[in-house]
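Given next are the chains, with one letter for each unit.
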Amino acid sequence: MKLIKTLVGCFCLMAMTSCGGNVHNHEGEDCCAEGKNAVIENIMARRSIRKYKNEVVSREILDQIMECGINAPNGQNKQSWEVRVVDNSQVMEEIKNTMNEAYPNMQNVASCFRDAPVMVFIARDKSYDFSAFDCGLMAQNIMLSAQSLGIGSICLGSPVRMINDNPACATILERLNFSEGYEFCLCVGLGYADESPAAKPRDKAKVKYVE
Ligand SMILES: Cc1cc2nc3c(=O)[nH]c(=O)nc-3n(C[C@H](O)[C@H](O)[C@H](O)COP(=O)(O)O)c2cc1C
């Protein structure tokens, strides 16, 4: 009995620390307190962040988050994604300038990045019909692991439309340098949150049990 308890304890500890440390919400409270489920707390605490502090996210933390990203479930373990992490503000500025020039009639089109200090650009393998799911699951792993490390996130679709739909943005895709056959399909912004938005309502009626 004692051995089983020890093994269960070890497993729980491994699960909690596998992506690095205890789970914290944006207020820095430890969500692993007794009686709480760290994973569920983490999922329920994550919200899209659109206001970030001017604070650098270390490469060590980013590496950990990306490691969690690529450990997402994915069809046939094809890993049908490619990821480009932009944490250099100068590179991000170049990208934003190109977008602003490409859309002269739109005011600050680059605000579609929501000013997140780190931008993760994700591309999917066009030859694999499930690659969009793979990329979505990876994005969720990125966002949840970030959340568990006290980093805010936002999933962004609008930069994809803006960049893919306008030939004047081709230099951005060249800069990101995805492999032949890959298509830019999603962005995830990361950074230290400077807001704590409330959860938006969810429609529970979307879920039905088939009796
Ligand atoms: C595929 C996808 C694309 C999204 N694109 C944008 C976007 O372009 N801009 C934005 O501000 N939020 C974007 N979001 C964030 C959603 O608006 C947000 O997840 C939703 O309103 C629910 O809020 P929550 O994430 O705080 O729970 C996107 C989310 C997903 C999953």
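A word on the side chain of Asn 166
For step 1, the next point in the chain: Structurally, Asn 166 can be placed in the loop between helix H6 (158–164) and helix H7 (170–176).
For step 2, the next point in the chain: By relative accessible area, which is 14% here, Asn 166 ends up buried.
For step 3, the next point in the chain: Within polar-contact distance, the side chain of Asn 166 engages the backbone oxygen of Ala 102 at 3.0 Å.
For step 4, the next point in the chain: Not counting the four nearest positions on each side in its chain, Asn 166 is found in contact with Ala 102 and Tyr 103.

Section: the packing of helix H2 (residues 38–45) against helix H5 (residues 131–148)
For step 1, the next point in the chain: It is at 9 Å that the axes of H2 and H5 come closest, and there the two elements cross at 105°. Between H2 and H5, the crossing angle belongs to the class labelled roughly perpendicular. Contact with H2, carried on its side by Asn 42, Ile 43 and Ala 45, involves Leu 144, Gln 147 and Ser 148 of H5 and no other residues of that element.
For step 2, the next point in the chain: Residue composition of the contact of H2 with H5, grouped by class: three nonpolar, three polar and no charged.

Focus: the environment of Glu 82
For step 1, the next point in the chain: Tracing the backbone shows Glu 82 in strand E1 (residues 81–86).
For step 2, the next point in the chain: Residue Glu 82 is classed as buried on the basis of its relative accessible area, which comes to 14%.
For step 3, the next point in the chain: The spatial distance from the C-alpha of Glu 82 to the C-alpha of Phe 184 is 8.7 Å, given a sequence separation of 102 residues.
For step 4, the next point in the chain: Setting aside residues up to four positions removed in sequence, Glu 82 forms contacts with Phe 121, Ile 122, Ala 123, Phe 178, Ser 179 and Tyr 182.
For step 5, the next point in the chain: Within the structure, the side chain of Glu 82 is placed 3.1 Å from the side chain of Arg 84, a separation counted as a polar contact.
For step 6, the next point in the chain: At 2.5 Å, the side chain of Glu 82 forms a polar contact with the side chain of Ser 179.

Calculation notes
- Residues numbered from 1 in each chain as written.
- Predicted model: local features only at pLDDT ≥ 70, side-chain atom pairs only at ≥ 80, totals over all residues.
- Heavy atoms only, no water.
- Helix = DSSP H or I, 4+ residues; strand = E, 2+ residues; numbered from the N terminus.
- Buried < 20%, exposed > 50% of the residue type's maximum accessible area, 1.4 Å probe, protein only.
- Polar contact = N/O pair within 3.5 Å; in protein donor to acceptor, adjacent residues only side chain to side chain.
- Contact = heavy atoms within 4.5 Å.
- Axes fitted to C-alpha atoms, helices over the stretch in contact; angles between N-to-C directions.
- Parallel < 35°, antiparallel > 145°, perpendicular 65-115°, else oblique.
- Nonpolar A, V, L, I, M, F, W, Y, C, P; charged D, E, K, R; others polar.

Geometric values such as these leave the question of function open.
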